[in-house]
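Architecture and fold: a report
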Amino acid sequence: MMIRRLWIAALALGFLLVPFHGGVAAFPVDGDQTTFPPKSELNEDALDKPREVFRSEVAGGKSYMVNLGNLAFSSPGILGGVARQAGVSCGSCHVNGAGNAKFFMPKMSTRPGNFDTTGPLFNPKADNFILDAVRIPSLRGARYLAPYGHDGRMPSLHDFVRNVIVNEFAGPEPSPVIVDAIVAYIHDIDFLPNPSLGPGGRLVGQINDSERRGEALFMKPFPHDPGLSCAGCHVPSAAFVDHQQHDVGSGGLFKTPTLRNADFNAPYFHDGRFDSYDQVVAHFDHVFDLGLSAQDRRDLVAYLTAVGDGVQPYEHDGAGATLKEINDFTTVLGAAISANDKDIIALAVDTIGSELRELTERYPDRKNTSVSGGQQQRVLARVGLKELVLMLRRIDMAAAENRFSDAAAEYKNYRNLVTAAVPALLASAEPWSLFNPAVHDAHYAALRQVLQTKHTAH
């Protein structure tokens, strides 16, 4: 019955609902349409996303603070005007709490995977007039990895989060609860499990000879300085860090990065100068005159690869995963309505609405000639998602006018729609959505062709 009503509504409106604004720009990001430099790349079209493992889910469920922190982390609304206008959030760089190796902005990046946090784009007042881009790190296991920042300048994650919001992205002073929530969220992101690592960070299980030799080399003192070894800084028993800063011949003092899950954290070094473990090992061999043979280098790379592995590092992006996160955010909205907290209600409505609008665009409208078939299913999916956004607006308006009982009633309607009809609508339309690799590739090929023609014309 709900699906039939939505279909009738779509026909009555001529497939058009109230325009929706404020979502993240579609890939590829074009300079004429956004505040970004032309040819910026946010990797928003990726079909596989990093898998996010939460410590609290293993223990029984995420807390309100973790969900609030995830929501704020996903919201452009906590950052400054340029970031908000562009739809950039913390999650744009740290996708599902991991990194974003394809993130690139001309004049702000020197290569994919790094970004100048002291550049002029987001906060001109913080511009140091030097292009000194730093690698976008993964946040997996961050609770074990103090101090924070590539140079380890901040012992407190709380201070680091505030600095990113206020100084790097020119956001307004965040409330203490928002900073605490983001810290709780980051602390909850766990390393991917690695069956090859046992107690004390030693290799276990079916380890081959090369990996065993690499482990021995990793522990071995350097020939010209017996006080140094790879394991002396990357302490296996302590998440492969020593919480210190070192000069390893890369242009200054930088903190020791973890080797856990590092197979998925390229590029490497503070500025992302190296693409592979082979290059990293070659650098250390040269700088510290280790005298490694070709076999030694291969063995160290084999060891690093074993240490840096993780179970199921990526998962296919789909409506189910997006709705799961939206439902986590929705629990924050429900709690805020019960507490009559207008600020959190407004933040939740804005963030959830943006997520829903992005999800809507995964189901191409009838004007998209790169997609054939499933028109009725796509229309119903879009109408259902847009109705959710309209409900959120009504919740926000009611709360702003202190009509919290009306907001609670509308929230109940929203919950019914998002948990009952909408998942079925999205599943029905998925074969013709951008979650289908064939549809995805045809859509983005057509989009790239349009942009190429446009730039050629200029």
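See the structure printed just above.
Fair warning: this is a prediction, and the values are worked out from it, not measured in the lab.

Digging into the overall build of the protein
In terms of regular secondary structure, the protein is built from 17 helices and 6 strands. For 458 residues, the compact-globule estimate of 2.2 N^0.38 gives 23 Å, and the protein sits close to it at 24 Å. Projected onto its principal axes, the C-alpha positions of the protein cover 80 × 50 × 50 Å. A total of 458 residues make up the protein; the buried ones form 52% of that total. Considering only residue pairs separated by 6 or more positions, the protein has 65% of its internal contacts joining residues 24 or more positions apart. Here the protein displays about 20,800 Å² of accessible surface, and carbon together with sulfur accounts for 56% of that area. Averaged over its 42 positive side-chain charges, the protein has a centre that lies 6 Å from the centre of its 51 negative ones.

Some words on the nonpolar core
The biggest cluster of nonpolar side chains holds 76 residues, and the ones touching the most others in it are Leu333 and Tyr414. By residue number, the principal contributor to this core is helix α14 (residues 375-400), which donates 9 residues. Counting residues in hydrophobic clusters, the runner-up holds 26 residues, among them Val248, Val280, Leu300 and Ala306.

Observations concerning the environment of Phe435
Along the polypeptide, Phe435 turns up in the loop between α16 (421-429) and α17 (437-457). Judged by its relative accessible area of 3%, Phe435 falls in the buried class. For the pair Phe435 and Ser89, spaced 346 residues apart in sequence, the C-alpha to C-alpha distance is 22 Å. With residues near it in sequence (within four places) discarded, Phe435 still touches Leu47, His316, Asp317, Gly318, Ala319, Leu359, Arg362, Tyr363 and Glu430.

Quick look at the packing of aromatic side chains
In the structure shown here, the tally under the stated rule is 16 aromatic pairs. Ring centres of Phe115 and Phe122 lie 5.9 Å apart, and the angle between their planes is 55 degrees; this geometry places the pair in the tilted category. Residue Phe115 shares its accessibility class with Phe122, and that shared class is buried. An aromatic cluster is present here, built from Phe222, Phe269, Phe274, Phe284 and Phe288 joined pairwise through their rings.

A few points about the pattern of salt bridges
Summed over the entire model, instances satisfying the criterion amount to 20 salt bridges. For Glu57, the salt bridge identified is with Lys62, shortest N-O distance 4.0 Å. Since its relative accessible area comes to 35%, Glu57 is described here as partly exposed. Lys62 gets classed as buried once you look at its relative accessible area, which sits at 18%. In this structure, the salt-bridge partner of Arg394 is Glu387, at a minimum N-O distance of 3.1 Å. One salt-bridge network, in which partners are shared between bridges, spans Glu57, Lys62, Lys324 and Asp328.

Here's the deal with the environment of Asn402
Structurally, Asn402 is set in the loop between α14 and α15 (404-419). For the pair Asn402 and Lys342, spaced 60 residues apart in sequence, the C-alpha separation works out to 8.6 Å. Only 2.8 Å separates the side chain of Asn402 from the side chain of Lys342, close enough to count as a polar contact.

Looking at the packing of helix α3 (residues 64-73) against helix α13 (residues 342-360)
One can describe the packing of α3 onto α13 by two numbers: an axis separation of 10 Å at closest approach and a directional angle of 55 degrees. Judged by the inter-axis angle, α3 sits oblique to α13. As for how α3 packs across α13, the hand of that crossing is left-handed. Of α13, the residues touching α3 (which contributes Tyr64, Leu68, Leu71 and Ala72) are Ile344, Leu347, Ala348 and Thr351.

Conventions we followed
- Residues numbered from 1 in each chain as written.
- Predicted model: local features only at pLDDT ≥ 70, side-chain atom pairs only at ≥ 80, totals over all residues.
- Heavy atoms only, no water.
- Helix = DSSP H or I, 4+ residues; strand = E, 2+ residues; numbered from the N terminus.
- Rg over C-alpha atoms; globule rule 2.2 N^0.38 Å.
- Buried < 20%, exposed > 50% of the residue type's maximum accessible area, 1.4 Å probe, protein only.
- Contact = heavy atoms within 4.5 Å.
- Areas by Shrake-Rupley, 256 points an atom, 1.4 Å probe, with all protein chains shown as cover.
- Lys, Arg positive; Asp, Glu negative; His and termini not counted.
- Charge placed at Lys NZ, Arg CZ, Asp CG, Glu CD.
- Core = buried A, V, L, I, M, F, W, Y, C linked by side-chain atoms within 4.5 Å.
- Phe/Tyr/Trp six-rings, centres within 6.5 Å; stacked < 30°, edge-to-face > 60°.
- Salt bridge = Lys/Arg side-chain N within 4 Å of Asp/Glu carboxyl O.
- Polar contact = N/O pair within 3.5 Å; in protein donor to acceptor, adjacent residues only side chain to side chain.
- Axes fitted to C-alpha atoms, helices over the stretch in contact; angles between N-to-C directions.
- Parallel < 35°, antiparallel > 145°, perpendicular 65-115°, else oblique.
- Left-handed = near helix turned anticlockwise from the far one by under 90°.

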